Structures are given as structure tokens and as C-alpha cells.
Amino acid sequence: MTAPAIELKGISKAFGPVQANKDISISVQPGTIHGIIGENGAGKSTLMSILYGFYKADAGEIFIKGERTAIPDSQAAIAAGIGMVFQHFKLVENFTVLENIILGAEDGAMLNTSLGNARSELKHLADEYGLNVDPDEIIENLSVGHQQRVEILKALYRKAEILILDEPTGVLTPSEADQLFRILDRLREEGKTIILITHKLREIMEYTNTVSVMRRGQMTATVKTDETSPEHLAELMVGRKVLLRVDKDAAEPGASVLDIKGLRVVDDTGVERVKGIDLNVRAGEIVGIAGVAGNGQSELLEVLGGFAEGTGEIMMNGAVIPLSGHGADGQARRASGISHVPEDRQREGLIMEFAAWENTVFGYHQEPEIQNGLLMDNKGIFSEAEAKMQRFDVRPPDPKLAAKNFSGGNQQKIVLAREIERNPDLLLIGQPTRGVDIGAIEFIHQQIVSLRDQGKAILLVSVELDEIMSLSDRIVVMFDGHITGERDPKHTNEKELGLLMAGITDTSAVAGNGGNDTTEQEVHADG
Amino acid sequence: MDKMPKWADIVLIPIISLLLAAFFSALVILAIGENPVEALKLMIDGALMRSAGWGYTLYYATNFIFTGLAVSVAFHARLFNIGGEGQAMVGGLGVALVCLYIPWPHWSLAILGASVGAALFGAAWAYLPAVLQAKRGSHIVITTIMFNFIAAALLNYVLVEWLRPIGAMDPASAKFPGATHLPSFQDMFSTADTPMFRGAPANVTFFLALVACVVVWMLIWKTRLGYEIRAFGQSETAAKYAGISPVRITVIAMLISGALAGMMSVNTTMGESERLILNSTEGAGFIGIAVALMGRNHPFGVLLAAILFGFLYQGGAELALWTSIPRELIVVIQALVILFTGALDNMVRAPLEKVFIALRRRNV
């Protein structure tokens, strides 16, 4: 029996009164993909930061290949053979691939030798692991998937034996994600050890050998992947039984609520983000917009929500609503029956410094029923907030607590409570469960479906394909500001949607029940 | 969870900062060969132990309340209005015009009229920087400080060319009519046998300042407008989402701020000098920044901080009068107080937070 690639014994870490990691022990076998799964705030990132030398553990020991190793900083982690691929890449955008790879690992004062060495080493790595990237391309011209490859190459160039990936598929199309996992498989075959942090149960089930579950700072279980099931893992993560599938009846759509014709949106930098789309949403249905982030979905929501300007025609319940100038702001949109759960609740949907009760009227603070003469009826708002938080199971149910002190899921519940209880004709909802834990996802999905069942129109934007497929009654795919297709969720699959998301409209090969492998497609994300 | 209880944030930190400032001031006084204990005694004696001393302390405090509130209101919208000085100067012009050209029957009406004049002129002076910021993105710090210089030049011109009585040598307006004379504390509180606040400039405007504190508190925390100002100040993207117009809030917050700064001149121009003079603001517009910082942009905090700075002003004047401590050193002491209470806030805060966290953990 070989020594484990990494072994942690009794790792604890506290931030002030918060115990982020508590007595964590884990052992990762070499040449395996080891998944770590857990809800937001379960302590996954803290644990990895300790392993990579960003934080110092309060207690506990780290063993690398059986040897006790201190990791006071990331230099020590690199020396110990640990490489990390962050969720948000740490690349210099206007440097070439090669320059990024040697950054911080230059040998000697003259750059040319380093670049030369790196070039041959890079070629070697590319051949060995199928990590093809043009070494002279500027980072910002690369697709997100290729940028991620550069991150992996950076780690391998530094002789990493253990590779930690933090939520690696969050920004990838399904086909890019497929390619990533093929690379990870190759790396495993070559004897590298991979730690995969994710919240996607499907990835864990498909690609890992072993999986460890974290909950509230503790390691609750480590199991062999082929001896477990998604339901079991979800239960371990949340601590109770969780319904993973969305339970809903067939939609009974009514009259058209939202009609969009030829909508175009140009952003602040002059780039056209939405390039003439037609879309309609009827009462009693959920229309889901699938697409990789940055293909115009956000701008679509912003125009509908009244905080970006566009051209074209939008009709709400048959009446044209203005798309620019006065009468096109959030107040006017709310008045015409549109509620909006924005994509970024921390920057848009909530004022993080405000107490929860103040946030429960944000955007509706001008309504006459919450005014008391010249002043706002703060008492009334407060008691209504208390009731709302009860109904939406916000925890802790303390209206005085600032929004920033709630977890992601509970912040989202505050926004949802505010927007859904306005009884809108149309609910816009962007990334409803981004950064939300599994337990809360179930609740949020139920709320959305029940609003639909009350005959409301719902426009859903999400980068989580699973979520789009399970919630939507109709799926519309966006790519590069265009709508590339519309599908019935019952008669499509991830492969087909993945092609549409990459701008390929000929999906006959994969339509219906799957088909051959997706071909390598270059997808250029914006920015 | 907040790291510290609220009382520690509001009470403990300012007190510790003040003690630190006092300590370093003492070192400076020692360094020039004077006795810091004597100096402190003299300051307290001169500013707080006699009613006349209080009369000066509260007079200065009145100025600082207005300028402190002005900075606070703008700051709630994340606008750093450092043009209080200029806005107060121009506000003084408003007071002078109202007092000179409208025949007031009684001071109680005159003070209302003068307040409106001061507020309008002060707000007008803040309007251009506000619009430039809101529509053109010209940074408000730059524009407001530039407007201070323009205000000083404007006032000079107006006094010399227009308001100066014919034949007068002094760049000042004519004396205001007697009916606009505001009751001073001496008028209000002296009895036949015991004169109070003798000769001190504090006047009824102090109570106007207290009212302003209450009104600003209501505005910021109880009204829709205050809600929008605070929301915009915390997050512009969120404000846009909610349909709050950034342009509108920027302009309105700056108008209110300018109006408050302008109203300071009711105290100086109408209450004290009773005519418009050059440099009646004496830097109070800038002290307002320190007052707002120390008062955490809360009207009650502003009130307390304004009284403290009033004390420093008056006590400093006493020091200069009775000791060989030069006037410049008083400025150094004031600067130390600003440094420790405002700029170096985190120096005290961070260790104190650690103490509270440690205490809490022990209790758990």
C-alpha cells in the first residue's frame, strides 16, 4: 500500500467566532480523482486555502506522500507539488500564454532563457496530456476553457503532482466541461492526484473515484463514488432528505404576457450584446434561457428590469413599454407588473449594509401603502418583514440583521419573498440558485413552480443547464446575442443544448436521445 | 455577526482616539517646554468653566454642527463634499441680501427668511458640482474644492464692488438693521442680578442647529428620500435596479448638503458680525469634515463632535492668549485630534475588535 498523496489530520481553523474547519481528517490516494462536495460555507474553500498556504490552520497536521509538511505560504505548497486552479483565474490578461506560465517561476534575470525553456516544456506537456494551447496567444483572446487550460499548465509547469480545482466547470459550456474532464482523466492515468471541489452532484458521480462530504466545517463522510448515489450525497450534505428533481405538472399556458420583437441592446462600451431577438412568455409557463454567461442573457434581463436601455419593441400585457429615457426605469417596470430577481443579488438585489427589513421593500419603497405621511411606515414595514421571513423560511428570522450577515441562500430568499409576494404578472429571475445551498434550492424551485401554477409568466435565466432543464416549460438558447434555438425540455438533451449554446444550429446529429461525441468547438466568451 | 457591540463602536473608539490625541498633544507641548497639565487646565477653564467660555464654545459648535451635517448628508450618498467652506461663504451672501433688502418687523421672522436665503444660496453653490458629477463624472472632491476658491473671489468682488457702503474702507457690507438682531445667549439667559454668557457670541441660532440635527436624522432614517440616499450611497448598481435615479439622488443630496453648509452663516453673519465680512467662515467648512468623520455621519454624533471641536477652538484661543504656546500649535493639536479620530480610526478599531472577539470566545 502506497502512502496517500495527501493526508490531513485534525485540521481546525476559526475566523473570529466562526469555526470554518473543525477537526478535519482526510486521506487522498495517489492517482485518483477525489471529489469534495458541500454547501456554500461548509468550509471547502477554507480547507483548500490551508492546503495551498493561504491560511494557517489553528491545529492539525498535513502529510504529503507520508511526510509531515508545513505549508506556511503558497511557495511552500508549490514546492510540495501542490497546484491550484482557482474558480476565478489568476492570469495577466494582456500577457501571452507563455509569459503567464513562467510568471513567478522565471529562472534567472534574463527572460529569454526562461521563455525558451518554457516553450519546449510546454510542448512536452501538451503532447503528454492533450493540453493544446498556442503559447504565443494573448490570454484575453482565448476562450474561457482555454484560459483554464493555461491555469492547469501553470501548475504542471511548476511540477505539481497534486492538482486542486475549485468549481472548475462553473464558467464552461457542457462540451468544454467534457474536454476538461478528459484532460483530468489523462492526468490521473499519468499518476497525478486530483482534488475536485464542486457542488455539482453529476460531476462527482461521473468522474471521481472517492468523494468526501463537508457540512458546517466538518467532514461528514468519505465514500467510494461507485458505492453511493446522488440522493445519498445530497442527504449527507444537507443533513436531511432532499428532493433533487423538480416536482411539477405540465404547464397550462394562457395569454401572452410578454412580447419582445427585434430587441437590441448596446452596452456602455459600445458593444452590441443583444442582436435583435424575438421572444414571448405566456401566463402560466416558465421560459428558460440557456447559454454560457456573457451571451446577452444578462442584458436582456437588465432591459426588461429597467436598468439598461435598448431598442426594439417590448409589450407587457399588450401595451408597449418604453425602452429608454424616462418611464424606462425600475419603478416604471414594477408599475407595469414586472418583478425582478436579479442575477447578482449582492450588487443589485440587496443593499448589503441595510437590515433585512429595509431590504424587504427595496425597489417598492415608494409605494403609498408603506408611507405614513411624510415619513415611511417603518413599524409596518418591519412587522411585514417579520411575517415574510417566516413565510419564506429565512434563517435566522431576524429582520434587524444586515443582509450581508445572511448566507447566500437566505439572501436569495429575502429577494424572492420581496419579488414574489408583489404578485407580479411577469417574474424575471436570473441565476435563482447561484451560490445557494442544496436545501434552499429545493425551496426556491418550489416557489417558482407554485408562482407559475398561479398563472404567472416566468422568464428564467440560468447558466446551470440542469436547472434550466428541470424548471423550464420551454427552453430558449442564446449565443452571441442571438437566439439559436428553442426546444421542448422533454424532447432535448444536454448535448443538443450544448451545441446550440456554442452557436451551432444544426443539431440533427444529437437531437432526440443522444448521439456521437461533440466535436471540438472554439467558443469565444466575451471580455 | 458584528464584531463589536454597538456601544463600543460609538463610544469607546472615539474616547480612546481622543485620549491618544491628547497624549501626543501633551508630548508636543512638552517638547516646546510648556506644561501640558497646565495647558489642559487652562483650556478647560477658559472654554468650559465660565458661562462666557461656554458662550464661545457653543458659538463655534453651532458652525460645526451645520457644516458637519452638510458633510454627513452628502456622505450618506457616498459624495465627499469638501466645498462646505465655499457654500457657507455664498450662504452668507444670501443672509446679507435678505437682511439688508427686506424690511423685517421682528427677528423671529428675519431668522426664518435668512435661513431660507442662506440655504438657497448654499444649495445653489453646490448645484453645479453636483450636476457635473452626476452627468459628466467630474469628481466632486475636485469641483467642490475649486468652488471654494471661486466663492472667496466672488465674495471679495461683491463686497468691494456692490455691498460696501460708499466711503467705507473695509470690504464689508453695511450693518444689518436693528430688527434683524438675533438674541444672544446673554440676552436670553441673563437676569437682573446675574449676567450670563457676558460678551459671548452664542445666539439663538444654536437652537436652529439642534432642530437641524433632528430634521436631518428624520430625513436620513425615516423618509423615502433618506432611504434612497442611503441605498444609492451603499450601491449604485442596486439603486439602478430599484429604479432610483443616480443623477437625481446625487443632485438632491448635494443641494441639501449645500443648504446646510450655507445655513452656518446665519450664525456667523447674522448672529455674530451682523454684517457680511470677508472670511466669516474661518475654516468651519473644513472642520465639518472632521466633525462628520468623528460623528460617524450620525446627527447625534455630529452634535457631540461639534461641541468637542468648539471646545478645542475656544480652549485653543485661551491658550494662545495666556501662554507662550503659539497659535500654530493649537492648529497642531486640532490636527492631531482629526488625525486620530478620523484618519486613524482603524488603528484603534482593529485591536479593539480582536479584544471583543477574544472576550466573546471566552464567554462561549
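Look up a bit, the structure's there.
Read on for a plain summary of the structure. Note on numbering: residues in each chain are counted from 1, in written sequence order. Both sets of labels track the order of writing: A upward for chains, 1 upward for ligands. At least 70 in pLDDT is required for a residue's local features to be given in this predicted model, at least 80 for side-chain atom pairs to be given and counted, and no such filter applies to totals for whole chains, interfaces and linings, which use all residues.

**Quick look at the overall build of chain B**
Put simply, DSSP H or I for four residues or longer makes a helix, DSSP E for two residues or longer makes a strand, and each gets a number counted from the N terminus. Assigned secondary structure in chain B consists of 15 helices and zero strands. Radius of gyration here is computed from C-alpha atoms only, and the compact-globule reference equals 2.2 Å multiplied by the residue count raised to the power 0.38. Taking 2.2 N^0.38 as the reference for a compact globule, 364 residues should give roughly 21 Å; the C-alpha atoms of chain B span a radius of gyration of 21 Å, in line with that estimate. Expressed as a percentage of its 364 residues, the buried residues of chain B come to 50%. Taking the intrachain contacts of chain B between residues at least 6 apart in sequence as the baseline, contacts between residues at least 24 apart amount to 75%. Burial is judged by counting other C-beta atoms within 10 Å of a residue's own C-beta: 20 or more means buried, 12 or fewer means exposed, and anything between counts as partly exposed, with every C-beta placed from the backbone. Each residue gets a C-beta atom placed from its backbone, and two residues are in contact if those atoms lie within 7 Å.

**Description of the overall build of chain A**
When you go through chain A residue by residue, the secondary structure sums to 17 helices and 22 strands. Relative to the globule expectation of 24 Å for 527 residues, the C-alpha radius of gyration of chain A, 25 Å, shows essentially globular dimensions. Among the 527 residues that make up chain A, the fraction classed as buried is 47%. Counted over contacts in chain A with a minimum sequence separation of 6, partners at least 24 positions apart contribute 66%.

**So, helix H1 (residues 6–31) of chain B**
Residues and elements named next belong to chain B. By this rule the span expected of a helix is its residue count minus one, scaled by 1.5 Å. Relative to the 38 Å expected for 26 residues at 1.5 Å per residue, H1 spans 38 Å between its end C-alpha atoms, a close match to the ideal helical length. The sharpest bend along H1 comes to roughly 35°, located at Leu 12, with the proline Pro 14 sitting one to four residues further on. Of the positions making up H1, those classed as buried are Ile 13, Pro 14, Ser 17, Ala 21, Ser 25 and Ile 29. Buried residues along H1 sit in contact with helix H2 (36–48), helix H12 (284–294), helix H14 (327–343) and helix H15 (345–363). We define the bend at each residue as the angle formed by axes fitted to the 7 residues ending at it and the 7 residues starting at it.

**Observations concerning the packing of H2(B) against helix H3 (residues 51–76) of chain B**
All names here are of chain B. For helices, the axis comes from a line fit to the C-alpha atoms of the stretch in contact; other axes are also lines fit to C-alpha atoms, and the angle between any two N-to-C directions lies between 0 and 180 degrees. Where H2 meets H3, the closest approach of the two axes is 5 Å, and the angle between their N-to-C directions is 85°. Of the possible angle classes, the one that applies to H2 and H3 is roughly perpendicular. Together, Gly 46, Ala 47 and Leu 48 of H2 and Gly 53, Trp 54 and Thr 57 of H3 make up the contact between the two elements. All amino acids are sorted into three groups, where Ala, Val, Leu, Ile, Met, Phe, Trp, Tyr, Cys and Pro are nonpolar, Asp, Glu, Lys and Arg are charged, and the leftover types, Gly among them, are polar. Residues that form the contact of H2 with H3 fall into these classes: three nonpolar, three polar and no charged. The scheme is simple: roughly parallel for angles under 35 degrees, roughly antiparallel for over 145, roughly perpendicular for 65 to 115, oblique for anything else.

**So, the nonpolar core**
Soluble globular proteins tend to pack their nonpolar side chains together in the buried interior. Buried Ala, Val, Leu, Ile, Met, Phe, Trp, Tyr and Cys residues form a nonpolar core when they are connected through C-beta atoms within 7 Å. The biggest cluster of nonpolar side chains holds 256 residues, and the ones touching the most others in it are A:Ile164, B:Ile65 and B:Phe309. Here this core gets 16 residues from one element, more than from any other, and that element is H3(B).

**Describing the sheet that holds strand E10 (residues 218–224) of chain A**
All names here are of chain A. In this scheme, strands are said to pair when DSSP sees at least two bridges between them. Read from one edge to the other, the open sheet built from six strands follows the order E6-E7-E8-E3-E9-E10, with strand pairing classed as mixed. Edge positions in the sheet fall to strand E6 (82–85) and E10, since each has one partner strand and no second. Each strand of the sheet is rotated relative to its neighbour by a mean of 20°, with strand direction disregarded. Two strands pair when backbone bridges link them, and strand E3 (residues 33–38) and strand E9 (residues 210–215) are joined in this way by five bridges, in the parallel orientation. Its bridge partner lying in E9, Ile 37 is registered against Val 213. Against the sheet, helix H5 (residues 144–157) engages E6 and strand E7 (162–166), with an angle of about 170° to E6. Sheet contacts for helix H6 (residues 174–189): E3, E7 and strand E8 (193–198); angle to E8, the most-contacted strand, approximately 145°.

**A few points about helix H8 (residues 205–222) of chain B**
Given 3.6 residues to a turn, an α-helix orients residues that are three or four positions apart in the same direction. Residue and element names in this part refer to chain B. Taking 1.5 Å of rise per residue, 18 residues should cover 26 Å, and H8 covers 25 Å from first to last C-alpha, within 8% of that figure. Residues Thr 205, Leu 208, Ala 209, Ala 212, Cys 213, Val 216 and Ile 220 constitute the buried set of H8. For H8, the angular spread of buried residues about the axis comes to 155°, placing them on one side. Residues of H8 that are exposed and point over 90 degrees away from its buried face: Phe 207, Val 211 and Val 214. Packing partners of the buried residues in H8 comprise H3, helix H5 (107–136), helix H9 (224–234), helix H11 (246–273) and helix H13 (299–322). In this description, the arc belongs to the directions extending from the helix axis to the C-beta atoms.

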